[in-house]
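Each chain is listed here by its residues.
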Amino acid sequence: MAHQAHAYHMVDPSPWPLTGAVGALLLTSGLAIWFHFHSITLMTLGLMLLFLTMYQWWRDIIREGTFQGHHTPPVQKGLRYGMILFITSEVFFFLGFFWAFYHSSLAPTPELGGCWPPTGVTTLDPFEVPLLNTAVLLASGVTVTWAHHSLMENNRKQAIQSLTLTILLGLYFTTLQATEYYEAPFTIADGVYGSTFFVATGFHGLHVIIGSSFLAICLLRQIQYHFTSEHHFGFEAAAWYWHFVDVVWLFLYVSIYWWGS
Amino acid sequence: MYYKVSGVTGKLTGASAASAYSPQGLKPAVPSQSPPMIFALPTKVVSEAGPAVHYMGINKVPDLQKIFQKADGAPVHLKRGVMDKMLYRTTMGLTIGGTLYCLMALYIAAQPRKPQ
């Protein structure tokens, strides 16, 4: 390998940005083709391409960091900035849906009966499954912090156990929310109540699945000795993302489930 | 006011006259000096960790580091040889094929529909 007179990472040429971009093109065009011509081929192709891209791109980053040593302190700093900025963009994404909810619920139109919840909508009891979901996510926040401390103290067994517990709690949340969706007395088509409820909670659920997947990759990496007590940024990024998902749920719970009921 | 060293925090705290007249230094259970504060344990090296090391598999990272640091000029996405090449070719194949399929589908979709 050529010697460089700086601590930054000049990456090898990579095909994954191109394959990812094409994957996104195929996914979006495929959506349009699905809507108008009832064929899912293009969309499926796009999804497959995106998954292949994600797998290989992130695999390469692990290779570059863990096996080739390219993630020096300045490089890690850049990765930290990147993750913070990404999470910030996601905060703004959710802000939009909260704006939509408050726009409709603070001044309910006559079509809704001039009240919130709208006339005819039976809301979910916030003190039943939604409260359990809150407890589950808060507990998972504790277990992920436990995992972090175990990592920093080089306690391999406890790091694996607490990380596994975190993932299980995430899966439990997803299962509970799926049954709530199935049993709900209203649908996404039930006016603006249904729209705001299912779009906001639906995107949140998707982020829980993404976060759980990220943590699962970290678990696999921890089992394979990738992390050291001083250097485990992949795990920290996953933990930050998980805390973000937890905080979004708390806002959802207080605004839509509790105040909105 | 009487003082003692707290058995919980290791710091100076208030005490009753009774405990002041039975100095803590005489009791072996409670240290008269606070133990040194440990803010972070030193990084433990895996090779010194002993039998607990083999919990759920052995460490293959050093071997992988040797493989990926071989000076063979291969880019990181092809560093592992055949498997990498196969996966790359499949992905690229889907990319090029998919682009052509997409352009064709969009061209057909843009054609006006004949009224029935």
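This is a predicted model, so every value here is computed, not measured. (Residues numbered from 1 in each chain as written. Chains lettered and ligands numbered in written order. Predicted model: local features only at pLDDT ≥ 70, side-chain atom pairs only at ≥ 80, totals over all residues. Heavy atoms only, no water.)

1. Quick word on the UniProt feature "transmembrane region" (unreviewed entry) in chain B
Test applied: UniProt positions are given in the numbering used here, feature names are shortened, and annotations may be inferred rather than shown by experiment. Strands here are runs of E lasting at least two residues and helices are runs of H or I lasting at least four, both read from the DSSP assignment and numbered beginning at the N terminus.
This chain's UniProt record puts "transmembrane region" (unreviewed entry) on residues 87-110 of chain B. Counting secondary structure, residues 87-110 of chain B comes out at 96% helix and 0% strand; the distance between its end C-alpha atoms is 34 Å.

2. Description of the domain arrangement of chain A
Residues and elements named next belong to chain A. Heads up, the rule is: Those domain boundaries reflect an automatic or database domain assignment. Any two residues whose heavy atoms approach within 4.5 Å are treated as being in contact. When a carboxyl oxygen of Asp or Glu lies within 4 Å of a side-chain nitrogen of Lys or Arg, that pair is called a salt bridge. By the criterion applied in these results, polar contacts are pairs of N or O atoms within 3.5 Å in which, for protein atoms, one can donate a hydrogen and the other can accept it, and in which residues neighboring in sequence qualify only through two side-chain atoms. As a working rule, the residues Ala, Val, Leu, Ile, Met, Phe, Trp, Tyr, Cys and Pro are called nonpolar, Asp, Glu, Lys and Arg charged, and the rest polar, with Gly in that last group.
Taken domain by domain, chain A holds domain 1 (1-70) and domain 2 (72-258). Between the C-alpha centres of domain 1 and domain 2 there is a distance of 25 Å. Counting from both sides, the interface comprises eight residues of domain 1 and, opposite them, five residues of domain 2. Remark: the boundary between domain 1 and domain 2 carries zero salt bridges. At the junction of domain 1 and domain 2, the tally comes to three residue pairs in polar contact (both at pLDDT 80 or more). Considering only residue class, the side of domain 1 that touches domain 2 consists of four nonpolar, four polar and no charged.

3. With respect to the interface of chain B and chain A
Put simply, the test is: Buried area: the sum, over both parts, of the accessible surface (1.4 Å probe) that disappears when the two are put together.
Between chain B and chain A, the contact holds 36 residues from the first and 41 residues from the second. Carbon and sulfur atoms make up 69% of the area that chain B and chain A hide from each other, which totals about 3,400 Å². The tally of links between chain B and chain A comes to two salt bridges. Where Arg59(A) meets Asp84(B), a salt bridge forms, and the shortest distance between an N and an O atom there is 3.4 Å. Connecting chain B to chain A are eleven residue pairs in polar contact (both at pLDDT 80 or more). Taken together, the elements giving at least two residues each to the side of chain B that touches chain A come down to helix H2 (61-68) and helix H3 (82-109) of chain B. Broken down by element, the side of chain B that touches chain A gets its largest block of residues, 14 residues, from H3(B). Along the lines of polarity and charge, the residues of the side of chain B that touches chain A split into 20 nonpolar, eleven polar and five charged.

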